[in-house]
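# Structural overview
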Amino acid sequence: MMATGWVRLRDLGYYGVAGVICGGIAIGIHFYRSRKDALPRAKEAYRSDEKVHVVKKKNVTLFLPKGEEPKKVALIFLPGALTESTSYAPALRRIAQAGHPVALVEMPFRMALFGQSR
């Protein structure tokens, strides 16, 4: 009689583990499908021109003002979760045009949680 109860408890443990794994997969698929991609005009903001010099490095894109002394205040920008970092380029370009250097840090999997050491 006692062995049967333990078997049932063990089976519930297996079902619980399987449920957690399936739930984790479902949440991952939901997050992947709900990510935000950049519009084409945002990708155009990555081009250097006479006002802003754009420098693309490994994990950082720099928007540097041209033609004037940069202001003392700079901005380090971390993109929002599940949003392509390119989406913020037009707004960051405007900040650089005002004379402030801007660094856009790209995060792995579009999540700042995974890029804490950057």
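Residues numbered from 1 in each chain as written. Predicted model: local features only at pLDDT ≥ 70, side-chain atom pairs only at ≥ 80, totals over all residues. Heavy atoms only, no water.

### Let's talk about the overall build of the protein
Looking only at helices and strands, the protein features three helices and four strands. Taken from the N to the C terminus, the helices and strands of the protein come in the order α-α-β-β-β-α-β. When contacts within the protein are restricted to residue pairs at least 6 apart in sequence, those whose partners lie at least 24 apart make up 68%. Just so you have it, the protein exposes about 8700 Å², and 64% of that area is on carbon and sulfur atoms. (Helix = DSSP H or I, 4+ residues; strand = E, 2+ residues; numbered from the N terminus. Contact = heavy atoms within 4.5 Å. Areas by Shrake-Rupley, 256 points an atom, 1.4 Å probe, with all protein chains shown as cover.)

### Describing the confidence of the model for the protein
With 77% of its residues at a pLDDT of 70 or more, the protein has an overall mean of 79. The least confident element of the protein, judged by mean pLDDT, is helix 1 (residues 2–33) at 72; the most confident is strand 2 (residues 60–65) at 93. (pLDDT = per-residue confidence, 0-100.)

### Quick look at the nonpolar core
Formed by A45, Y46, V52, V54, F63, A89, L92, A96, V102 and L104, the largest nonpolar core amounts to 10 residues. Breaking this core down by element, the ones donating at least two residues are strand 1 (52–56), helix 3 (89–97) and strand 4 (102–105). With three residues, helix 3 is the largest single contributor of residues to this core. With residues up to four places along the chain from it excluded, the contact list for A96 reads V52, F63, P65 and V102. (Core = buried A, V, L, I, M, F, W, Y, C linked by side-chain atoms within 4.5 Å. Buried < 20%, exposed > 50% of the residue type's maximum accessible area, 1.4 Å probe, protein only.)

### Observations regarding the pairing of strand 4
Neither face of strand 4 is exposed, since V102 and L104 on one face and A103 and V105 on the opposite face are all buried. With four bridges joining them, strand 2 and strand 4 adopt antiparallel strand pairing. What sits directly across from L62, in strand 4, is A103. Across three bridges, strand 3 (residues 75–77) lies against strand 4 in parallel orientation. By the bridge assignment, I76 is partnered in strand 4 with A103. For the handedness criterion, the β-α-β arrangement of strand 3, helix 3 and strand 4 is classed as right-handed. (Pairing = 2+ DSSP bridges. Right-handed = clockwise from strand over helix to strand, strands pointing away.)

### Let's talk about a nonpolar patch on the surface
Taken together, the side chains of V17, I21, I25 and I29 present a nonpolar region at the surface, about 380 Å² in accessible area. Note that I21 resides in helix 1. (Patch = residues over 30% accessible without salt bridge, like charges linked within 9 Å, V, L, I, M, F, W, Y side chains within 5 Å. Salt bridge = Lys/Arg side-chain N within 4 Å of Asp/Glu carboxyl O.)

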